[in-house]
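Here are the chains, one letter per residue:
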Amino acid sequence: MSANAPLRPGARVTERVRSPWRRGRAVAGGVLLLWGALLLPLSLAATWARAELTETDSYVAAVAPLAGNPAVQNAVVDDVTDGVMAHVRLDGLLDAVPRAERPALRKHFTRGLRQFVDKQVRQVVTGRGFPAVWNGVHRTAHRSLDGSLTASGRSAVTLDLTPVVERVKRQLSHNGLGLDLLRRVPRAGVEIVLLKAPDVPRIRAVYRVVQTGALLLPPAAALCLTGGLLLARQRRRALICTGLGCAAAAGLLAAALALVRGRALDALPAVISRPAADAYADALTGPLLTGVWLVVGAGTLTAALAAAGPPAARTLRARRFARSVRAAGP
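Bear in mind the structure is a predicted one, so any value in this text is a computation, not a measurement.

Brief notes about the environment of Gly 136
Here is step 1 of the chain: For Gly 136, the position within the fold is in helix H5 (residues 130–150).
Here is step 2 of the chain: On a C-alpha basis, the gap between Gly 136 and Pro 163 in space is 8.8 Å, while along the polypeptide they are 27 residues apart.

Some details on the pairing of strand E1 (residues 157–160)
Here is step 1 of the chain: Because side chains alternate across E1, one face comprises the buried residues Val 157 and Leu 159, and the other comprises Thr 158 and Asp 160, none of which is buried.
Here is step 2 of the chain: Relative to strand E2 (residues 191–195), E1 runs antiparallel, the two being bridged by 4 bridges. Paired with Val 157 across the two strands is Leu 195, which belongs to E2.

Focus: the packing of helix H2 (residues 56–63) against H5
Here is step 1 of the chain: The geometry of H2 relative to H5 is characterised by a closest axis approach of 9 Å and an angle of 140° between their N-to-C directions. If you check the angle between H2 and H5, you find them oblique. Both H2 and H5 take part in a crossing whose hand is right-handed. Of the residues in H5, those in contact with Thr 56, Asp 57, Tyr 59, Val 60 and Val 63 of H2 are Trp 134, Asn 135, His 138, Arg 139, His 142 and Arg 143.
Here is step 2 of the chain: Tallied by class, residues from the contact of H2 with H5 come to 4 nonpolar, 4 polar and 3 charged.

Quick look at the packing of aromatic side chains
Here is step 1 of the chain: Following the criterion strictly, the structure yields 2 aromatic pairs and no others.
Here is step 2 of the chain: Note on Phe 130 and Trp 134: the rings are 5.8 Å apart at their centroids and 50° apart in plane angle, and the pair reads as tilted. Of this pair, Phe 130 and Trp 134 both sit in helix H5, 4 residues apart, which is roughly one turn of the helix.
Here is step 3 of the chain: Overall, Trp 134 belongs to the buried group, its relative accessible area being 3%.

Quick look at the nonpolar core
Here is step 1 of the chain: With 30 residues, the main nonpolar core has Val 80, Val 121, Trp 134 and Val 164 as its most contacted residues.
Here is step 2 of the chain: Elements with a contribution of two residues or more to this core: H2, helix H3 (70–85), helix H4 (102–125), H5, helix H6 (162–171) and helix H10 (274–308).
Here is step 3 of the chain: A total of 7 residues in this core trace back to one element, the largest contributor, which is H3.
Here is step 4 of the chain: Beyond its immediate stretch of four places on either side in the chain, Val 164 contacts Val 80, Val 121, Val 124, Val 125, Phe 130 and Val 133.
Here is step 5 of the chain: Counting residues in hydrophobic clusters, the runner-up holds 15 residues, among them Ala 37, Ala 250, Val 292 and Val 295.

Analysis parameters
- Residues numbered from 1 in each chain as written.
- Predicted model: local features only at pLDDT ≥ 70, side-chain atom pairs only at ≥ 80, totals over all residues.
- Heavy atoms only, no water.
- Helix = DSSP H or I, 4+ residues; strand = E, 2+ residues; numbered from the N terminus.
- Buried < 20%, exposed > 50% of the residue type's maximum accessible area, 1.4 Å probe, protein only.
- Pairing = 2+ DSSP bridges.
- Axes fitted to C-alpha atoms, helices over the stretch in contact; angles between N-to-C directions.
- Parallel < 35°, antiparallel > 145°, perpendicular 65-115°, else oblique.
- Left-handed = near helix turned anticlockwise from the far one by under 90°.
- Contact = heavy atoms within 4.5 Å.
- Nonpolar A, V, L, I, M, F, W, Y, C, P; charged D, E, K, R; others polar.
- Phe/Tyr/Trp six-rings, centres within 6.5 Å; stacked < 30°, edge-to-face > 60°.
- Core = buried A, V, L, I, M, F, W, Y, C linked by side-chain atoms within 4.5 Å.

Here's what the structure looks like:
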């Protein structure tokens, strides 16, 4: 049809009818793509949180490498040594010493006993059998956490380091002083509180939200992205915007994680080793950060490929342009 050819009577009416539909379709597609880009990193975070809270094997696998981390080993040695020394009583040994000399001797004996206990505990913590003990301790703690979150009670969740003490006892079975010293430690006397009893209801509420989000957010994100791309009039431009949007949303999630991580570590009590806490945070959030950066990379790559366009598409556009020029010419 030439440029000056008359339009059919119904053509202009049909175009006016189609125009609102096309605009509505484009708006709906854009809204769906925006929601999909926002829900994708949120679904990733919810899936990660659900796995860490409910899957014991996944949690144990995440913290297993920490058994060989020097900062974590030092923290365990200090905690176990503090737990043992809390039950050491030197009153019987100092009865024959003049009262004026007891404070100095008590300090001297306490320092020597602490060095002795520290050395024995360190040998256990750096030994070959410690990784198995470490995994068992965390498996028990995670099962306790899972039970507290799924039940209605308010019992605290603790990391029981008594198996380390039992290892030290076996190591010192031929040392009378060491065996008598460690016999004073109660069965549940060396524990680290991971979750206080008053905090259990609040964490339980978060746990339920995470469970719901892990089930609903991934399919919702997939449906929004698929529907938005199907409704988009210009698929190539939609792919570019979607890829960049997903990459930007994932980058914002990474920044939010870094901010939350820093504030959470700053809020820890001074008695908790900061290097050990850093190692724990890195181990637990490592899978999530890996997924976040994969989304950033995939989104950026998708946008770049869509912007470049395949050679066939460029050739087809060139042919269409040439035809339009010939048809508009004299």
